Amino acid sequence: MTFKPTEYLPYDFANRRHIGPSPEEMEEMLKVVGAESLDALIDDTLPPAIRQKEPLDFGKAKSERELLHHMRVTASKNKVLTSLIGQGYHGTVTPPAIQRNILENPAWYTAYTPYQPEISQGRLEALLNFQTMVCDLTGLEIANASLLDEATACAEAMTMAQRVSKSKVKAFFVDENCHPQNISVMKTRAAPLGIEVIVGSPDDLDASAVFGAIFQYPGTYGQLRDFTDEISKLHEHKGIGIISADPLSLTLLKEPGAMGADIAVGSTQRFGVPIGYGGPHAAYMATKSNYGRNMPGRIVGVSIDAHGNRAYRLSLQTREQHIRREKATSNVCTAQALLAVMAGFYAVFHGPKGLQAIAQRIHRKTARLAEGLSQAGFEVRPKAFFDTITVEVGPLQKAVMKSAVDEGINLRAVGETKIGITLDERTRPATLEAVWRAFGIEREDKDYTPHYSMPEKLIRKSEYLTHEIFHMNRSETEMMRYMRRLADRDLALDRAMIPLGSCTMKLNSAAEMMPVSWREFSLLHPYAPEDQALGYKEMIDDLSSKLCDITGYDAISMQPNSGAQGEYAGLLTIASYHRANGQGHRNVCLIPMSAHGTNPASAQMVGWKVVPIKSAENGDIDLEDFRAKTELHSENLAGCMITYPSTHGVFEETVTEVTKITHDHGGQVYIDGANMNAMVGLSRPGDLGGDVSHLNLHKTFCIPHGGGGPGMGPIGVKEHLVAHLPGDPNGGEGAVSAAAFGSPSLLPISWAYCLMMGGEGLTQATRVAILNANYIAKRLEGAYDIMFTGPKGRIAHECILDTRPFADSAHVTVDDIAKRLIDSGFHAPTMSWPVAGTLMVEPTESESKAELDRFCDAMLSIRAEIAEIEDGKIDGENNALKNAPHTVEDLVGDWDRPYTREQGCFPAGAFRVDKYWPPVNRVDNVYGDRNLVCTCPPMEEYLEAAE
Ligand SMILES: *Cc1c(COP(=O)(O)O)cnc(C)c1O
C-alpha cells in the first residue's frame, strides 16, 4: 500500500466494537435479504406510525480511552470510606484468583442461564457447590442457586411459608431486629396479598395468630438469640419458622436447622463479593427437603446422561412461571448466578477452617473494640454478639459519627442516641484505633488475648463443608485449574453466538466491564452518606436521562434487580396510582397468551386477576378479543401487559390501538421492554401509549447474563406515575429491593455502552440487529417455516422457526434440534416459547456475517438430516439427531450406529481444531426429578463417573 503524506486514513473503529458485520458484509447481507439499503429494510420493518420523530442525540460518542477517562473522573467523585454500617452489607476480600478467573472472565460472565445442561456443566457444578455450602452452613437439606437480595429472599420466604403452612390465619410475624430494608420489602410484598405483617419482639410472639415468623440472626443491632422455643411454638400452631442468617456467623454459631427452622435465607455478599453500593450479590434460601418443591428460584440437581454418567441440570420447577403462569408462586427468573458462583468458590478457596478463622478474627476484633469502649465508660450492647455492637452515646451521636467520618469511617446511626458498629474481614487494628478515636478514646490495639463474647449454648456443634470439594488442595495453581476446567466445560459468548430469542445475548465489551471492579464503585455501602456517592449520583442521573430519551418516559427507578422485578414494581406503581384516584378496586389485567411467563406471575403477585388474550393468526394481539375483554372488565380494568415488538418478533401496527382501548377503559398500559434491542433509536414505548416499562439492562444494555444473573430491570414511567415509584428501602415505603438503586455497581456497563455508542451508534445497533435477524430468516427460508412476519414479509430482531412438523414427518423434536446444534458448537435458540415446539432465534447486532453463516449452515445441515429421516434413508430412532450431543467418548470404543463418528461429531458449523466438546451426552431430566439430589454427591461417585 502506498502512502501519500497528504492523505489520512479515516479511523472508524469506535462503533465497530458492537456491530458484528463489517460495512462490506452488510452490503452482501442486504442483497440476500432483498433490501436496497439498511434504511429501506428498516422502513419495511417498522410501520411509520410507530417511528420516533427525532433521532437520539447524546452528543459525540466516546472512544474507549475517552470513556475510561470519563469513568475515572466520575469514579473519583465517590469517596471510599471504611463502612462499618453493617445492616447486611460487609467489607470482604475478593480473593484475586476469584476476581480474575471468575468475575473478570468472559467464560463465566457471558454465559446464559443453564437451561441447556449439556453445555453448562461447569457452572452447574459451581452452583451445586454453592447449594451444598448453603445447606451445610444453615443445617437444612435443600437450597436454591440464589435469589436477588436478602430483602426479597425474606419476602419470598414469607410467601413460601404461607403456601406450605397448614395454618389458616393471614398474619405474619417479623422480628423487630430484622434489617430495616428486609422489613420494608416484606411489607411491600405482603400488602397486595392481604398478609398482615406484625413487627415486634420475639418475646411478644403469639404463635397462634400467625402462619409464620421470621427472625434475624444475628439481629440487626447485634443480638444473638436461640430461636428454638419460638419455632417450636410456631410448629405447635402449624406455623413456619424462618431465620434470616448471616452465613459467616454460622461457621461459629448454632445453625438455623438445629433450631428447627423450616426456611433459612440471607445474603452471601460477604463471601468475597464486594458491596458495590448495594449489589449485585447472591441471596440464598434453604429449606427442609419436604418443602423443596415449594421453593422459588432455580435449583441445580444431579441426574445422569444418555450413557448413565453423572450430569447436572436444573430441576423441573425451574421453569415454573412458564408452565404455571398466573398460578405461579414466584416470578423469579434472572437471579444472581455469577455472584453465587463467586461465593461458592470463596468457600472452596477458604474451606471450613479458613472461613472459621475469618469469622473468629472478626469476632475477636469486635470483642476488643467493645472492651475498649466499655472501659472508657460507654454502654455497649448486646453483651453477647458476633460482629455487631450498639453503643449508647446520648447526645453525642452526631459528633461521634462526624469524627468517625473524619477518620475515614462510616458508622450506623441507631435511633437518636446510639451508634451501631459492624466489623468485617477487612477490619485492621488501625480501624479499631480510628473508631476509638472517634469516640474520644486514645487506645492502642495490642492486647490480642483471645476472648469470646458468644453464649456457650449458641456455639455451633455440628460439622459443615465436609465434602471433599471444600478440602481440595487450595494452592492457587490447583484453584486456577479447577476454575479453568469448569469454564472449559461451558459454552458462553466467548466461544459462539447464543441466538436466544428475547434474551438478547450481545457483546459485553471489555471496556464496559472494567470499571465494575474499581474500588470507587465496588466498595461503597448502600447506606453511606449521599455526599460520598456523588459519582454514583452523576452516573445514575445521566444514565436515567438517557434511558428516558430512549424510551419516551419521564422518570426511571433503578431499584428492580431483574426484568421480572421491574414488572412487579411497575404493576405496583399502577396499583398505587389507581388507589390514589379512588379506583383501588381495579384488579383485572389483560395479558396476551404469548407473554413471557413472568408477566402473569408478576400480575398475580400484586393480587390481580389475569385475563389471557388470544393471538390472531398472524401473531398480533387479537383485537376483537382484546376489545371484548376490555368491555367486559371495563369497571375493574387495572391495565394490560403487552410486549413490544411482540414476542412473535413483529412490530404490530395495532399497538397504539391496544393502548388507546386500554386507556379508554381507565386502564394503564405496561409495555414489557425486554425487546428494546429492536427499538432503541427507532421507536419509543412511551410514545406508543405505554405508561410504564421495564428495561432489561442485562439484555439490551450490555450487562452480562452471568450464567443466570446478575441483571437489572429499571422501570421508566410517565409523569403521572412518578409519585408511585418504589420508595427508599432504608426507611421509606414501597421498596422492592434492599438497596435504593438495586445493583448499582453494574451501571457503569450500561452507561459506558451509551457513552461509547452515542445516539447514532445505538440506533445503528438496532438497525443491524434487525438486519442480522432478517438475514437468518432469509437464509433459512424454504428449509424452515418462519412463523410470523410483518405485512412486508420482514421480521423484527428475532424470528420463530416452526419445527413442529418434523415431529410427525421424522419423529424429530425441538429438543433433538437443540442438542444437535451443540455438536456444531452452538447454544440452542429459545425453545418452545412463545409457541410450543418451536425455536426463537435472535442473533443481535454483535454477530458477524461469518458467525451467522456458520449458524445457518448448521441449521440447514440439520434440516438435511431431517429430510433423510423423512425419506427413510436414515433410521428414525438411531440417528445423529436423537443421539446428540456427541462427546469425546463417542470417538472411542465400540460404534454400532448407522452413521460415522465423523458425521456424528463434526456436522456443518463445527470447528475442527477449536471444536467444542460437551462433557456429557444428553441429560436425562426425568431421572433427576425422580431422584432429587441437590447437593454435591459423594466423592466416590465422582470417581465412578470418571471411570
Ligand atoms: C427476559 C424477559 C423477561 C424477564 O426478565 P428477567 O430479567 O429474566 O426477570 C420478561 N419479559 C420478556 C419478554 C423477557 O424476554
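Within an unreviewed UniProt entry, the label attached to the chain reads Glycine dehydrogenase (decarboxylating), and the organism entered is Cognatiyoonia sediminum. Turning to the chain, the UniProt annotation filed under Subunit (unreviewed entry) states: "The glycine cleavage system is composed of four proteins: P, T, L and H." What UniProt states about the chain under its Catalytic activity (unreviewed entry) heading is, verbatim, "N(6)-[(R)-lipoyl]-L-lysyl-[glycine-cleavage complex H protein] + glycine + H(+) = N(6)-[(R)-S(8)-aminomethyldihydrolipoyl]-L-lysyl-[glycine-cleavage complex H protein] + CO2".

Which residues make up the site of the ligand, and what values go with them?
Looking at the ligand, there are 14 residues lining it, with T334, S502, G563, D672 and K699 nearest. One of the side-chain N or O atoms of N696 is found 3.0 Å from an oxygen atom in the ligand. The separation between an oxygen atom of the ligand and a polar side-chain atom of K699 is 2.8 Å. For the ligand, the accessible surface in isolation is 380 Å², of which the surrounding protein chains cover 98%. Broken down by element, the shell around the ligand gets its largest block of residues, 3 residues, from helix α18 (residues 563-580).

Go over the sheet that holds strand β24 (residues 799-802) with me, naming the residues and quoting the values.
Ordered by their spatial adjacency, 4 strands build an open sheet running β23-β24-β26-β25, and the pairing between neighbours is antiparallel. Pairing within the sheet leaves two strands with one partner each, and these edge strands are β23 (785-786) and β25 (830-831). Across 2 bridges, β23 lies against β24 in antiparallel orientation. Each bridged residue has a counterpart across the sheet, and for D785 the counterpart in β24 is D802.

Kindly report on the pattern of salt bridges, identifying the contributing residues and their values.
Taken as a whole and assessed by the stated rule, the structure comprises 46 salt bridges. As a salt-bridge pair, R270 and D387 come within 2.9 Å of each other at their nearest N and O atoms. Highlighted residues: R270 in the loop between β7 (263-267) and β8 (283-287) and D387 in the loop between β11 (379-381) and β12 (388-392), separated in sequence by 117 residues. Pair check on accessibility: R270 and D387 agree, each one buried.

Please give an account of the UniProt feature "modified residue: N6-(pyridoxal phosphate)lysine" (unreviewed entry) in the chain that cites residues and values.
The sites that UniProt annotates as "modified residue: N6-(pyridoxal phosphate)lysine" (unreviewed entry) are K699. Within the secondary structure, K699 is located in the loop between β21 (692-694) and β22 (715-717). Relative accessible area serves as the criterion here: at 10%, K699 is assigned to the buried category. Apart from residues no more than four positions distant in its own chain, K699 is found in contact with S502, C503, T504, K506, A674 and H705.

Tell me about the nonpolar core, and name the residues and values.
Core analysis: the biggest nonpolar cluster contains 228 residues, and M133, F345, L373, I421, F439 and I550 have the highest contact counts within it. Sequence-distant contacts of I421, defined by excluding residues within four places in its chain, comprise L84, L369, L373, D387, T388, I389, V391, L411, V435 and F439. In this structure, L147, C154, F211 and A283 belong to the second largest nonpolar core, which totals 39 residues.

Break down helix α6 (residues 121-138) for me, with residues and values.
Relative to the 26 Å expected for 18 residues at 1.5 Å per residue, α6 spans 25 Å between its end C-alpha atoms, a close match to the ideal helical length. Two residues or fewer after α6 comes G139, characterised by a positive phi angle close to 75°.

Give a detailed account of the packing of helix α1 (residues 23-33) against helix α22 (residues 747-780), specifying residues and quantitative values.
The interhelical angle for the contact between α1 and α22, taken along N-to-C directions, is 50°, at an axis separation of 9 Å. Taken as axis vectors, α1 and α22 run oblique relative to one another. For the element pair α1 and α22, the recorded crossing hand is left-handed. Residue-level inspection shows M26, M29, L30, V32 and V33 of α1 in contact with α22, the latter providing Q764, V768, L771, N772, N774, Y775, K778 and R779. Residue composition of the contact of α1 with α22, by class: 8 nonpolar, 3 polar and 2 charged.

Describe the sheet that holds strand β9 (residues 300-305), listing the residues and the values that go with them.
Within the open sheet, the 3 strands sit side by side as β10-β9-β27. Their pairing is antiparallel. Each having just a single partner strand, β10 (310-314) and β27 (923-924) make up the two edges of the open sheet. Relative to β10, β9 runs antiparallel, the two being bridged by 5 bridges. Considered in β10, the bridge of V302 is made with Y312. Across the face of the sheet, α6 comes into contact with β9, β10 and β27 while running at roughly 80° to β10.

Can you break down the side chain of Q668 residue by residue, with the values?
Mapped onto the elements of the fold, Q668 is located in strand β20 (residues 668-672). With relative accessibility at 6%, the residue Q668 sits in the buried group. Within polar-contact distance, the side chain of Q668 engages the side chain of H720 at 2.8 Å. Those residues in contact with Q668 that lie beyond four places of it in its chain are I574, Y577, H578, A638, G639, C640, T662, H663, D691, H720 and L721.

Go over the pairing of β7, please, and point to the residues and values.
Of all the 5 residues making up β7, 5 are buried; the element is thus mostly covered by neighbouring parts of the structure. Burial along β7 is two-sided: the face carrying I263, V265 and S267 and the face carrying A264 and G266 are both buried. Alignment of β7 against β8, held across 5 bridges, turns out to be antiparallel. Bridging across to β8, S267 finds its partner in A283.

Talk me through the environment of E27; I want residue IDs and the actual numbers.
Examined against the element boundaries, E27 turns out to sit in helix α1. Accessibility expressed as a relative area gives 47% for E27, which makes it partly exposed. Between the alpha carbons of E27 and S37 there is a distance of 7.9 Å; along the sequence they are 10 residues apart.

Kindly report on the packing of helix α7 (residues 150-164) against helix α8 (residues 180-193), identifying the contributing residues and their values.
Contact pair α7 / α8: the axes reach a minimum separation of 8 Å and the direction vectors enclose 40°. What the angle tells us is that α7 and α8 run oblique. Of the two possible hands of crossing, α7 and α8 adopt the one that is right-handed. Every residue of α8 that contacts α7 at E150, A151, T152, C154, A155, E156, M158 and T159 is listed here: Q181, N182, V185, M186, R189, A190 and L193.

Analysis parameters
- Residues numbered from 1 in each chain as written.
- Predicted model: local features only at pLDDT ≥ 70, side-chain atom pairs only at ≥ 80, totals over all residues.
- Heavy atoms only, no water.
- UniProt positions renumbered as here; feature names shortened; annotations may be inferred.
- Near = heavy atom within 4 Å.
- Polar contact = N/O pair within 3.5 Å; in protein donor to acceptor, adjacent residues only side chain to side chain.
- Areas by Shrake-Rupley, 256 points an atom, 1.4 Å probe, with all protein chains shown as cover.
- Helix = DSSP H or I, 4+ residues; strand = E, 2+ residues; numbered from the N terminus.
- Pairing = 2+ DSSP bridges.
- Salt bridge = Lys/Arg side-chain N within 4 Å of Asp/Glu carboxyl O.
- Buried < 20%, exposed > 50% of the residue type's maximum accessible area, 1.4 Å probe, protein only.
- Contact = heavy atoms within 4.5 Å.
- Core = buried A, V, L, I, M, F, W, Y, C linked by side-chain atoms within 4.5 Å.
- Expected span 1.5 Å × (residues − 1).
- Axes fitted to C-alpha atoms, helices over the stretch in contact; angles between N-to-C directions.
- Parallel < 35°, antiparallel > 145°, perpendicular 65-115°, else oblique.
- Left-handed = near helix turned anticlockwise from the far one by under 90°.
- Nonpolar A, V, L, I, M, F, W, Y, C, P; charged D, E, K, R; others polar.

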